[in-house]
Amino acid sequence: MSTIPSVNEEEFRHIQWSSHYIVKQGSSELNEGDKIVLPATALEQLLNQVGGSSGVLPSPLTFELRHPHIPKAVIHSGVKEFSSSSNTVAQLPQWMMSALDLKQDDHVLIKLKLLPKGTWTRLKPMSEDYREITDYRAALESHLRSHYNTLTKGQILSCRYGGRIYNFHVVDLKPEDAVSITDTDLEVDIDPINNDTTKPTIQSSSSVNIVNLNETVTRTIIAKNEYKYWKLALNVDEQQLKQLNQLSLLVNVDVENGDADIIISKTDKMPTLDNHEWSDLSSNKKKTIQIATTNLLTSSKLIYIGIHGYTENTIVTWNTVFTSGCDDTKVDTIQDNESKEGKVECKNCHGWIAERTLMLHEGFCFRNNVLCPWGCGKVFKKDSEDFREHWHCNQCDYIGNTSGIEYEKHIDYYHTLKTCVCNGFRSSSYEELSKHRQTNCPEKLITCRYCHNLTAQGVISLDARDRLLGLYSHESYCGSRTITCQKCHKSIPIKDIQVHAKIHEVKRQQQVLPPACSNYNCIRPRTRNKLSLCQFCFGPFWIMEDDPKNVKLIQRVARKIHSQLTVGCGNEWCRNKYCATCTKDPKDATTAASLLIPLIKGLPKELSLPNPNPVLYLCVDESTSRKRFLAEIVYNELEGKYDLGWCVKAIESEQEDLDKAKLWLDKNAPRGKN
């Protein structure tokens, strides 16, 4: 699972090194792997052990760790670096200290141990959550390659996937109970979880229900600061969604009691206030989120809906439905088509009143109504609850209609400083923070296009070329790993393989076969002669006599074709349509002469003329006839996808095997115009 070259272990068998160290818990970064930190003196001792025999240490270095008083407490590890602050201290991951039953400042015995390459392991998940890993083999390979050098039977293996840690129990190993997993193909079997209570089990941390379109979820009770999640199954394929491109998905939520927030994502299974794609964080009792159908084209056919309780005992009911056009429930339209002629604006409520009734209206209006003092233009009855609950935020343009919880929530959600988990972005708004988490946050989870794991994207790549490709640090690193091209056998970075394949395709399409023999029945390349025939077909016409006008050459060709038409070549394999043997229809001399005249019209009359390109029909040998016949079969079966000349080359390359010839064409030949 690594590209580090293997070493000859036999030359290092003589190294015998061990030492006692005081245990210190390492950084949190060490907890994700099996690597320890040793002092620099350990490296010096190891180099002295090697001596002058080779001058290098085995790679990777693997060690056996033992509890000094518990013989069965054994684990194995690699080494991250030799940088411990004290010559007597070794830094270990927390899980390794627990496995060895070690506490801070205890002693541990560390011994150099060269382990055999692992070939097979059986793992048992410690919780049902492992089913959330879409491709556990790829996830394990990626994590082990980066964080582990060894596996020990009985240890707890932690695998990070999608920002979460999944634990596996190492049940068995081959060829031994402790193996090295660097630069080896390790076959992994996963044991299903059963009711065995002898092994520690971590219960699933979340419960997600699946709902369908048009299904109503009734009276869900949510505690304060609690999330409830649902998977919405779209039950339509991408083609159907494209046909519904004029529609939108409406998610309608009725808050019967308390205050709730609705948050939606099509990638994150558990969206939160600070990490989602669509949301309604208002204090409205009726909430509606409208999502364009074009935004729902996901391979999973699922979107994830979460509801967050802002208050205790929040009760919500919600449903989903496809709708056409815009969401009329979100649009307030005011139509004022009446003429203002003969009307006067009221000084209190600013309404337009008939001039003859203005005095009566203003007398009533000033006694009973009050205009919003903050300038939003709303009119309220004096001393009404609506007026007392009405408020304006002094930090933004938000207008509230209920004081207390709504005001506190608005200040909390939009005017309280929040720090992203990446510690590189701060914002007072959950919406801005969520937008950061969904775009350029280093902790944004992506499915890597190269290792296909769900992982954090990292920071933007420093390489200008990778930036143009839109690669962040994880994909930049992951795509820099090399694979061997099957065509040219060169090592190519994974991220360049598509461009490299296109180069092969361009070169393939630019291939040109040499001009074919002008004999229609021949498959050999032509040579430089007066008839543009191959050397085999031209042989019968070659003479040493001077023939400046090509008269004798034309006569020989005419006699050859005339003989074919009247007598035939006598070969049972012949497929020449201008041969009596093939057609079984010998022609008389006059008919044969009339048929051959059009065939020899293209022959040169003088040596000074350029080489001709006539089409002649001459009989050929059995092998050539058979190969052309097979090539025509391939050409017709592939419906002209490849030129006949390449079909001939494929037949010759694959020793006349039709199936192999087709595969050869798909792999090597340029595609024809058809």
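The rules behind each value
Residues numbered from 1 in each chain as written. Predicted model: local features only at pLDDT ≥ 70, side-chain atom pairs only at ≥ 80, totals over all residues. Heavy atoms only, no water. Pairing = 2+ DSSP bridges. Helix = DSSP H or I, 4+ residues; strand = E, 2+ residues; numbered from the N terminus. Axes fitted to C-alpha atoms, helices over the stretch in contact; angles between N-to-C directions. Contact = heavy atoms within 4.5 Å. Core = buried A, V, L, I, M, F, W, Y, C linked by side-chain atoms within 4.5 Å. Buried < 20%, exposed > 50% of the residue type's maximum accessible area, 1.4 Å probe, protein only. Salt bridge = Lys/Arg side-chain N within 4 Å of Asp/Glu carboxyl O. Parallel < 35°, antiparallel > 145°, perpendicular 65-115°, else oblique. Left-handed = near helix turned anticlockwise from the far one by under 90°.

Participant: Which parts of the structure should I look at to understand the sheet that holds strand S12 (residues 187-190)?
Facilitator: By definition, the strands of a sheet pair up through backbone hydrogen bonds, in either a parallel or an antiparallel sense. Within the open sheet, the four strands sit side by side as S9-S10-S7-S12. Their pairing is mixed. Strands with a single pairing partner mark the edges of an open sheet, and in this sheet they are strand S9 (156-161) and S12. Between one strand and the next, the sheet's axes are offset by a mean angle of 35°, whatever the strand orientation. Bridge analysis of S9 against strand S10 (residues 164-174) gives six bridges, and the strand direction is antiparallel. By the bridge assignment for S10, Tyr161 is matched with Arg164. Its contacts with the sheet put helix H3 (residues 136-147) on strand S7 (120-125), S9, S10 and S12, and the angle it makes with S9 is roughly 105°.

Participant: Where do I start with the nonpolar core in this structure?
Facilitator: A general feature of soluble globular proteins is that nonpolar side chains tend to end up buried together. Counting 46 residues, the largest nonpolar core has Leu38, Phe63, Leu65, Leu92, Ile110, Leu157 and Phe168 as its most contacted members. A per-element tally of this core places S10 first, with four residues. For Leu65, the contacting residues outside a window of four places in its chain are Ile36, Ala73, Val74, Ile75, Ser77, Leu92, Met96, Leu100, Val108, Leu109 and Ile110.

Participant: Which parts of the structure should I look at to understand the environment of Phe536?
Facilitator: You can see Phe536 is positioned in helix H12 (residues 535-538). Residues Phe536 and Asp621, spaced 85 residues apart in sequence, show a C-alpha to C-alpha distance of 9.7 Å.

Participant: Before we go on, may I ask you to explain the pattern of salt bridges in this structure?
Facilitator: Proximity of charged atoms lets side chains of opposite charge pair with each other. Overall, the coordinates contain 25 salt bridges when judged by the stated rule. Here Asp105 and Lys24 are joined by a salt bridge, their closest N and O atoms 2.4 Å apart. Note that Asp105 is positioned in the loop between helix H2 (94-99) and strand S6 (107-112) and Lys24 in strand S1 (residues 18-25), a separation of 81 residues in sequence. Assessed through its relative accessible area of 42%, Asp105 is described here as partly exposed. We classify Lys24 as partly exposed; its relative accessible area is 27%. A salt bridge links Glu64 to Arg66, with the nearest nitrogen and oxygen atoms 2.8 Å apart. Take Arg66: its relative accessible area is 29%, and that puts it in the partly exposed class. Members of the salt-bridge network, linked through shared partners, are Glu64, Arg66 and Lys113.

Participant: Whenever I open this one, the packing of helix H13 (residues 551-566) against helix H15 (residues 589-600) confuses me. Can you help?
Facilitator: Axis angle and axis distance: for two packed helices, these are the angle between their axes and the distance between the axes, and together they describe the pair. With their axes 9 Å apart at the nearest point, H13 and H15 run at an angle of 130° to one another. Between H13 and H15, the angle is such that the two are oblique. Of the two elements, H13 crosses H15, and the hand of that crossing is right-handed. Between H13 and H15, the residues in contact are Ile554, Val557, Ala558, Ile561, His562, Leu565 and Thr566 and Ala589, Ala592, Ala593, Leu595, Leu596, Leu599 and Ile600, respectively.

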